[in-house]
Amino acid sequence: MRPQSSKGTRDFDLIQVSRRNYVIELLRKAFQTFSFNPLETPSFENIETLMGKYGDEGDRLIFKILRSGDFMKSVSDKSNPKIKEIADKALRYDLTVPLARYVSQNSGKLSFPYKRYQIQPVWRADRPQKGRYREFLQCDADVVGSDSLWQEVEMIDLYSFAFQSLGISIEININNRKILAGIAEICGIENRLIEFTVVLDKIEKIGEEGVISELTEKGFSLKEITKLKPAFRSFENLNESIAFLKDWLNKSEQGCRGIEELEFVIKRVKDSGILKLNVSLARGLNYYTGCIFEVNALNVDIGSVGGGGRYDNLTAMFGLENISGVGISFGLDRIMLCLEDLNLLPDDIIQFCDVVIVRVDESSSDNGYKIAQELRAIGVSVDYYPDIVKIKKQFDYAEKRGASHVIIFESENDQDQIRVKNLMTGESYHMNRKELLIYFQELKN
RNA sequence: GUGGUUGUAGCUCAGUUGGUUAGAGCGCCUGAUUGUGGUUCAGGAGGUCGUGGGUUCGAGACCCAUCUUCCACCCCA
């Protein structure tokens, strides 16, 4: 059996784990600063909880878990069984639907608005690609149970806070689903809103001509497309774009409401300079109903590093009506790529061991181990080399472990002459037990 | 799900139109050298050439299937 990790999954070694933890801790801190509380939900849910929430495409990508026992017995058509006959659980596909389930299930004991953050892996049976895996960590913050636009304001402030702490310069594209609905209304295609937005969302990638040809392909008429054309325009200036939209959509009540919402938010966020109104921004998930955002890192070509928006009635499918929420997500894998590209990862975040204890023969084994115990008691990370092998090999080992010091017990060594070598400087000292403890104590501080 | 791409020693890769015992660098092991690891030298181990079929006198090279990698779609994060 050849060792091989499963498609679209990764192992993380010491360095990668350290770096990821560094980022996760900063995100956690940002979430806590904005008073979100942690929530963790199980890796799998009942299959009905997840199926049908992400569209047909989503259903296909959900990892389903086979029923236990001899479930095939009760399958009617064995050559073509129904999913629910053979699978009753599924791995979570995102963190939003489990949140909706949790909030609905616990609505009695939660106080609203309920603010939670959640950092957990999710699974998608997608075909892997650059920065896209079948198992990846999502970092979400959501607030549910308030219609207030202040929530949007806070979410954007949270984005700037978090990315600032990571040292990443960003711009946030912002739009409002109501504006998109308004555009559809003005152009007389309100019944094809989702189709239209999915295509419009690609404009950055495929350009105006691409969008036009794809819309044509989908059966939009030339007249409709001509009417839609103002949506392809992009503006550098927020006020300019708002003025334009106000004029264009003044006949659409919904569109006007969308613009008002945007204005409210834009006026109040801390760094409105990073906001960019982008009418073509739609975001795939069609449960969004209000403001939507997408975060792009500047100075690096990595795509979006986060996104989110307002959704109404996400809990309705679980029987809890009239609950509105805003959620944002941080794409950890993309953020890691971005930090690597920009060289923003500090190198002192990797937790190597501090000291390796080596010895020449068994005569110093007990003394050596005692030192290990004493050093550990004062919080030093100690590796006690277990075997008596050539000193060269033990030194090589220590260096590979990233240890900053080696403590050497030579056969003639008595307790008062313990040799300590600093691998960073190459300096070597002799000291007794007490001095040694003090030396490392000071190093810790 | 569609179309392409990749897979040779622990790592990075060579391997010429199918033809003898499949190579290099780094790493690893052993021994010397360097006054206790980091230098230098010498020697050595390690590959069913992703896996399974097939074509052929002969396959790492060709064909099919499968797994994996990366990429573009679809979709999305």
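This text goes with the structure placed above it.
Residues numbered from 1 in each chain as written. Chains lettered and ligands numbered in written order. Predicted model: local features only at pLDDT ≥ 70, side-chain atom pairs only at ≥ 80, totals over all residues. Heavy atoms only, no water.

Even after reading the chapter, I still don't get the packing of helix H7 (residues 177-186) against helix H8 (residues 193-200), so can you show me in this structure?
What describes two packed helices is the angle between their axes and the distance between those same axes. For the pair H7 and H8, the least separation of the axes is 10 Å and the interaxial angle reads 110 degrees. In terms of orientation, H7 and H8 fall into the roughly perpendicular class. Pair H7 / H8 crosses with right-handed handedness. Note on element contacts: H8 touches H7 through Leu 193, Phe 196, Thr 197 and Leu 200, opposite Leu 180, Ala 181, Ile 183 and Ala 184. Here the residues of the contact of H7 with H8 are counted per class, giving seven nonpolar, one polar and no charged. (Axes fitted to C-alpha atoms, helices over the stretch in contact; angles between N-to-C directions. Helix = DSSP H or I, 4+ residues; strand = E, 2+ residues; numbered from the N terminus. Parallel < 35°, antiparallel > 145°, perpendicular 65-115°, else oblique. Left-handed = near helix turned anticlockwise from the far one by under 90°. Contact = heavy atoms within 4.5 Å. Nonpolar A, V, L, I, M, F, W, Y, C, P; charged D, E, K, R; others polar.)

Got a minute to help me understand the sheet that holds strand S3 (residues 64-66) in this structure?
The pairing of strands in a sheet happens through backbone hydrogen bonds and is either parallel or antiparallel. Spatially, the three strands line up as an open sheet ordered S2-S4-S3, and their pairing is antiparallel. Edge positions in the sheet fall to strand S2 (44-46) and S3, since each has one partner strand and no second. This sheet shows a mean twist of 40 degrees between the axes of neighbouring strands, independent of strand direction. Bridging between S3 and strand S4 (residues 87-91) involves three bridges; their strand directions are antiparallel. Bridge assignment links Leu 66 to a residue of S4, and that residue is Ala 87. (Pairing = 2+ DSSP bridges.)

What am I meant to see in empty space enclosed by the protein here?
It is a probe the size of a water molecule, rolled over the atoms, that shows where empty space is left. Using the criterion set out here, one finds one cavity of 30 Å³ or more in the structure. Empty space within the largest cavity amounts to approximately 50 Å³. Surrounding the largest cavity, Leu 99, Ala 100, Val 103, Val 144, Tyr 311, Leu 314, Thr 315 and Ile 323 form its lining. Among the elements that take part in the lining of the largest cavity, helix H5 (residues 96-105) stands out by supplying three residues, more than any other. Of the residues assigned to the lining of the largest cavity, the class counts are seven nonpolar, one polar and no charged. (1 Å grid on protein atoms, 1.4 Å probe; cavity = no way out; pocket = protein on both sides within 12 Å on 5 of 7 lines; lining within 4 Å. Points joined across faces, edges and corners; volume = space filled by probe spheres on them.)

Please explain the protein's contact with RNA strand B as it appears in this structure.
The environment of RNA strand B is made up of 33 residues, and the closest members are Lys 130, Lys 202, Glu 399, Arg 419 and Lys 421. Of all RNA strand B atoms lying within 4 Å of any protein atom, the proportion belonging to sugar or phosphate reaches 51%. Contacts to RNA strand B include Gln 129, whose side-chain N or O atom sits 2.9 Å from a phosphate oxygen. Elements with a minimum of two residues in the surface near RNA strand B: helix H3 (55-61), strand S6 (135-144), helix H15 (391-400) and strand S15 (418-422). The element best represented in the surface near RNA strand B is H15, accounting for seven residues. A class-by-class count of the residues in the surface near RNA strand B yields six nonpolar, six polar and 21 charged. (Near = heavy atom within 4 Å. Polar contact = N/O pair within 3.5 Å; in protein donor to acceptor, adjacent residues only side chain to side chain.)

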